[in-house]
Amino acid sequence: MEPANNNSDLVVVSKRETGVAVIELNRARKRNALSQELIDELNGVLRRLDRDADVRVMILTSSGDGPFCAGADIQELANISTVEAHRIGWLKDLEDNFTALRKPIIAAVRGFAYGGGFEVALMCDMLYASADTRFGFPEIKLGTIPGAGGTQRLTRAIGKQKAMQLILTGASVPALDMERWGIVTQVVSPDEDVVEEAIKLAVSIAAFSVPVVGLAKQAVKAAETTTLREGLELERTLYYSSFSLTDCKEGIAAFLQKRSPSFVDQ
């Protein structure tokens, strides 16, 4: 992988010729705790890569062998009042940037993802985790609650009862349980590298038409925020819109001619 230009060592970006960009959280001495500086840098990287025509899929992970993310920076959190949190929209810009991403993003998690780190992993479209990874929302032990979408995304994914148990106890849960509950896409065995396995998935997605992948992502994500009827209507609209794409015509022609398609991202 070739490193891309980056103005800070808090977030490191590498590109692959396959169209995959790997984003590494690199605040190891603080276990990648989400300081405002780290959040600002990550937001900038996400916006830049989403506009980069050479990038088709992103992977978010931690640098080296370090854990994914310990959550919000407690020292910074200790100095934020309710009024100040509302004024600056604490963590809102991070959630907004993930929501706005048009390209797929895969979390490759090792070690642990707690609090805001777990929320960031949930913001991603798919989640690979090493076998020894643990997840949890320990905010209840600090006298607060998850505040970057954790209560909403987790409940939608695993249901009210199980989400209540995890959030109200602050329990730490192993990756295998999270895979069984549908949170983790795949648990990677100890003899495999979670980032390399995520890259294999990213490469397979990157081989398809960029606009069609974007339509598919938009349709799936709508299920989180719309009624079934509204989601079905949106899906149908996006489906019909794909018929005018050159890549749709090419994909159908290639199937009928029993050959591999040659997509041009149009």
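Residues numbered from 1 in each chain as written. Predicted model: local features only at pLDDT ≥ 70, side-chain atom pairs only at ≥ 80, totals over all residues. Heavy atoms only, no water.

**Student:** In this structure, what is going on with the nonpolar core? I would like to understand it.
**Tutor:** Nonpolar side chains tend toward joint burial in soluble globular proteins. Residues Leu60, Phe98, Phe135 and Leu154 are the most contacted members of the largest nonpolar core, which totals 50 residues. Considering every element that reaches this core, the biggest residue donor is helix 1 (residues 36–51), with 6 residues. The residues contacting Leu154, other than those within four sequence positions of it, are Phe118, Leu122, Phe137, Gly159, Ala163, Leu166, Ile167 and Ile183. Counting residues in each nonpolar core, the second largest holds 17 residues, with Ile106, Val188, Val195 and Val213 among its members. (Core = buried A, V, L, I, M, F, W, Y, C linked by side-chain atoms within 4.5 Å. Buried < 20%, exposed > 50% of the residue type's maximum accessible area, 1.4 Å probe, protein only. Helix = DSSP H or I, 4+ residues; strand = E, 2+ residues; numbered from the N terminus. Contact = heavy atoms within 4.5 Å.)

**Student:** I keep staring at the pattern of salt bridges and nothing clicks. Help me out?
**Tutor:** Opposite charge on two side chains lets them pair, provided their charged atoms get close. By the definition in use, this model includes 12 salt bridges. A salt bridge links Lys15 to Asp52, with the nearest nitrogen and oxygen atoms 2.4 Å apart. Residue Lys15 is found in strand 2 (residues 11–15), and its partner Asp52 is found in the loop between helix 1 and strand 4 (57–62); the two are separated by 37 residues along the sequence. Notably, a salt bridge pairs Asp125 with Lys217, separated by 2.8 Å at the nearest N-O pair. You can see Asp125 sitting in the loop between helix 5 (116–123) and strand 7 (126–130) and its partner Lys217 sitting in helix 10 (residues 210–225), a full 92 residues away along the chain. (Salt bridge = Lys/Arg side-chain N within 4 Å of Asp/Glu carboxyl O.)

**Student:** I tried to follow the packing of aromatic side chains on my own but got confused; where do I start?
**Tutor:** Note on aromatic pairs: each is described by the distance of the centres and the angle between the planes. For the structure shown, the criterion picks out 6 aromatic pairs. Plain terms: the ring middles of Phe112 and Tyr114 are 5.0 Å apart, the flat faces sit at 5° to each other, and that makes the pair stacked. Taking the centre distance of 5.3 Å and the plane angle of 50° together, the rings of Phe118 and Phe135 count as tilted. Taken as a pair, Phe118 in helix 5 and Phe135 in strand 8 (residues 134–136) lie far apart in primary sequence, 17 residues in all. Like Phe135, Phe118 is buried. (Phe/Tyr/Trp six-rings, centres within 6.5 Å; stacked < 30°, edge-to-face > 60°.)

**Student:** Looking at this structure, how should I read the confidence of the model for the chain?
**Tutor:** Note that predicted coordinates carrying low pLDDT should not be read in detail. Model confidence for the chain is summarised by a mean pLDDT of 93, while 97% of its residues fall at 70 or above. Segment residues 1–7: pLDDT under 50, and 18 contacts once partners within four positions in sequence are set aside and those in other chains are kept. (pLDDT = per-residue confidence, 0-100.)

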